[in-house]
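One-letter residues, chain by chain:
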Amino acid sequence: QVHVVESGGDLVQAGGSLRLSCLASGITSGIYGMTWHRQAPGKEREFLAKIYINGHTDYADSVKGRFTISRDGAKNASYLQMDGLKPEDTGVYYCRVVTLAKRDYWGQGTQVTVAS
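Here's a quick rundown of the structure. Values in this document were obtained by computation on a predicted structure and should not be read as measured data.

### Concerning the sheet that holds strand β7 (residues 67-72)
1) Next: Here 4 strands make up an open sheet; going across it, the order is β1-β3-β8-β7 and the pairing antiparallel. Of all the strands in the sheet, the pair left with one neighbour each is β1 (3-7) and β7. Averaged over all neighbouring strand pairs, the angle between strand axes comes to 15°, with direction disregarded.
2) Next: Relative to strand β8 (residues 77-82), strand β3 (residues 18-25) runs antiparallel, the two sharing 6 bridges. Along β8, the bridge assignment pairs L20 with L80.

### A look at the pairing of strand β4 (residues 31-39)
1) Next: Most of β4 is tucked away, with 7 of its 9 residues classed as buried.
2) Next: Relative to strand β9 (residues 91-99), β4 is paired through 8 bridges, and the arrangement is antiparallel. Note on β9: the bridge partner recorded for M34 is V97.
3) Next: Pairing geometry for β4 and strand β5 (residues 46-52), over 6 bridges, is antiparallel. Note on β5: the bridge partner recorded for T35 is K50.
4) Next: If you look at the hairpin formed by β4 and β5, you'll find 6 residues sitting between the two strands, and G42 has a positive phi there, around 75°.

### Some words on the packing of aromatic side chains
1) Next: Counted by the stated rule, this structure contains 1 aromatic pair.
2) Next: Between Y32 and Y52, the ring centres sit 5.4 Å apart and the planes meet at 55°, which makes this aromatic pair tilted. Here Y32, found in strand β4, pairs with Y52, found in strand β5; they are 20 residues apart in sequence, far enough to count as distant.
3) Next: Exposure remark for Y32: the relative accessible area of 37% places this residue in the partly exposed category.
4) Next: Owing to a relative accessible area of 22%, Y52 belongs among the partly exposed residues under this scheme.
5) Next: The residue whose ring lies beneath R45 is Y94, and the NZ or CZ to ring-centre distance is 3.6 Å.
6) Next: Here the guanidinium or amino end of R45 rests over the ring plane of W106, the centre of that ring lying 4.7 Å away.

### Here's the deal with the state of the cysteines
1) Next: The tally for this structure, following the rule as stated, stands at 1 disulfide.
2) Next: One disulfide in the model links C22 with C95; its S-S distance is 2.1 Å. In this structure the cystine formed by C22 and C95 twists about its S-S bond by roughly -75°; its chirality is therefore left-handed. Residue C22 is located in strand β3, and its partner C95 is located in strand β9; the two are separated by 73 residues in the primary sequence.
3) Next: For C22, a relative accessible area of 0% puts it in the buried group.

Reading the values: the criteria
Residues numbered from 1 in each chain as written. Predicted model: local features only at pLDDT ≥ 70, side-chain atom pairs only at ≥ 80, totals over all residues. Heavy atoms only, no water. Pairing = 2+ DSSP bridges. Helix = DSSP H or I, 4+ residues; strand = E, 2+ residues; numbered from the N terminus. Axes fitted to C-alpha atoms, helices over the stretch in contact; angles between N-to-C directions. Buried < 20%, exposed > 50% of the residue type's maximum accessible area, 1.4 Å probe, protein only. Phe/Tyr/Trp six-rings, centres within 6.5 Å; stacked < 30°, edge-to-face > 60°. Lys NZ or Arg CZ within 6 Å of the ring centre and 35° of its normal. Disulfide = S-S within 2.5 Å.

Printed below as a string of structure tokens:
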């Protein structure tokens, strides 16, 4: 059974930093890519960043230059380093894993709150 677990969410002051982690287990086919998404209160879930098996990354304009995605293939893990946090970054952060078998899995999310 596949499990995706996010961690690292916290309450932080504006301008601060957080590092989120995503760990995937139970995946037998290998991971093609991992992405991070955010859902702010009252809003739809939005894409933030992605990293592919070849290391290629892409970011939403809203976080480009402030957030950095990375991965550890040996651990089936992805990390989201968030710097220069703003109150509008508040929300639940989700990790999505896309496997080489073309299936995707979501975690339950981790809460990030940025106080002004």
